[in-house]
Amino acid sequence: MKKIFDAEIISNKKISPEIFKLELNAPELEKISSPGQFVQVKIPSEEFTLRRPFGIASVSGGKLKIFYRLVGRGTKFLSQVKPGEILNLVAPLGNGFNLDAEKKYLLVGGGMGLAPLLSVAEKIPGTKVLIGGKNKSEVDFWIEEFGEKNIGGYLVTTDDGSFGEKGFVTEHLEKYLSSDNFSAVLTCGPEIMMRGVAKIARKNNLPCEVSFERRMACGLGACLSCSIDTANGRKKVCKDGPVFNADEVF
């Protein structure tokens, strides 16, 4: 059940050259949200009409945590808001991952796609994670964030080899899959990465769910700006997703 509500900013910190971590006081979300859902944030200025969508990275202890990258005027303005100020949210939105506490998941994320996967690690202790990024500064804070959860282990890859294994997550996924008896793969990140992850999961007879990242205008399924083609016809990422079965979209 989605709500429109105001949330007080707890902190808004720059954690890498282009990435910020925003924490808000939002106790009402803890009981009604699930991993994989997202929020729509109103930029507090009359200059901006459309809300911005962000995946829920964590919602515990009454605190909502989201991550965002500076990509335009909206996120630049958001980076300047201060603790104590108020942001208006619509949340929770979309459909999250289909989780079973008895199953063993491998999370595979690239860049900002790791945000919704963090909420899975928070929900299901012992989950293992494959963390991918361009370079060391893009993965350092993710290692710290996932390290605060009760995860079962992780592997890090960087495109330039500045930290962890060199290469893309898809180059190391099959080897990591053989390290445990996983029940399913959950992935979020660039579409080309998720397509590769889904292919490897299928090869290993593992179910795979993918979380799509799309530009959204309304976030409620009305404007059709985030529509994608699926095996079952056109669907809206914001309302029918953002999580889909990999076989449906790839």
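This text follows the structure it describes.
Predicted model, so just to flag it, every value in this text is computed and none were measured.

A. View of the overall build of the chain. When you go through the chain residue by residue, the secondary structure sums to 7 helices and 16 strands. Along the first, second and third principal axes, the C-alpha atoms of the chain reach 50 × 40 × 30 Å. Buried residues in the chain amount to 52% of all 250 residues. Considering only intrachain contacts with a sequence separation of at least 6, the fraction spanning at least 24 residues in the chain is 62%.

B. Layout of the pairing of strand 15 (residues 233-236). By the bridge criterion, 4 bridges tie strand 14 (residues 227-230) to strand 15 in an arrangement that is antiparallel. Bridge pairing links Ser 227 to Lys 236 in strand 15. Between strand 14 and the antiparallel strand that follows it, strand 15, lie 2 residues.

C. Quick peek at the nonpolar core. Grouped together as the largest cluster of nonpolar side chains are 31 residues, with contacts concentrated most on Val 108, Leu 173, Leu 177, Val 185, Cys 208, Val 210 and Phe 212. Of the residues forming this core, the biggest block, 6 residues, is contributed by helix 5 (residues 191-203). The contacts of Val 108, once residues within four sequence positions are left out, are Leu 117, Leu 130, Val 169, Leu 173, Val 185, Leu 186, Thr 187, Cys 188, Met 193 and Val 197. By size, the runner-up hydrophobic cluster in this structure holds 27 residues, among which are Phe 97, Ile 124, Val 129 and Phe 146.

D. Structural detail: the pattern of salt bridges. One pass over the full model with this rule turns up 16 salt bridges. We note a salt bridge from Arg 69 to Glu 18, for which the minimum N-O separation is 3.4 Å. Note that Arg 69 is positioned in strand 6 (residues 63-69) and Glu 18 in the loop between strand 1 (3-16) and strand 2 (19-25), a separation of 51 residues in sequence. Taking the relative accessible area as the measure of exposure, Arg 69 reaches 18% and is therefore buried. Of the charged contacts, one joins Arg 195 and Glu 191 as a salt bridge, the two residues approaching to 3.5 Å between their closest N and O atoms. Here Arg 195 and its partner Glu 191 are both found in helix 5, 4 residues apart, which amounts to about one turn of the helix. In the salt-bridge network here, residues are joined through shared partners; they are Glu 18, Arg 69 and Glu 138.

Rules used throughout
Residues numbered from 1 in each chain as written. Predicted model: local features only at pLDDT ≥ 70, side-chain atom pairs only at ≥ 80, totals over all residues. Heavy atoms only, no water. Helix = DSSP H or I, 4+ residues; strand = E, 2+ residues; numbered from the N terminus. Buried < 20%, exposed > 50% of the residue type's maximum accessible area, 1.4 Å probe, protein only. Contact = heavy atoms within 4.5 Å. Pairing = 2+ DSSP bridges. Core = buried A, V, L, I, M, F, W, Y, C linked by side-chain atoms within 4.5 Å. Salt bridge = Lys/Arg side-chain N within 4 Å of Asp/Glu carboxyl O.

It is worth stressing that arrangement in space is one thing and function is another; only the former is reported here.
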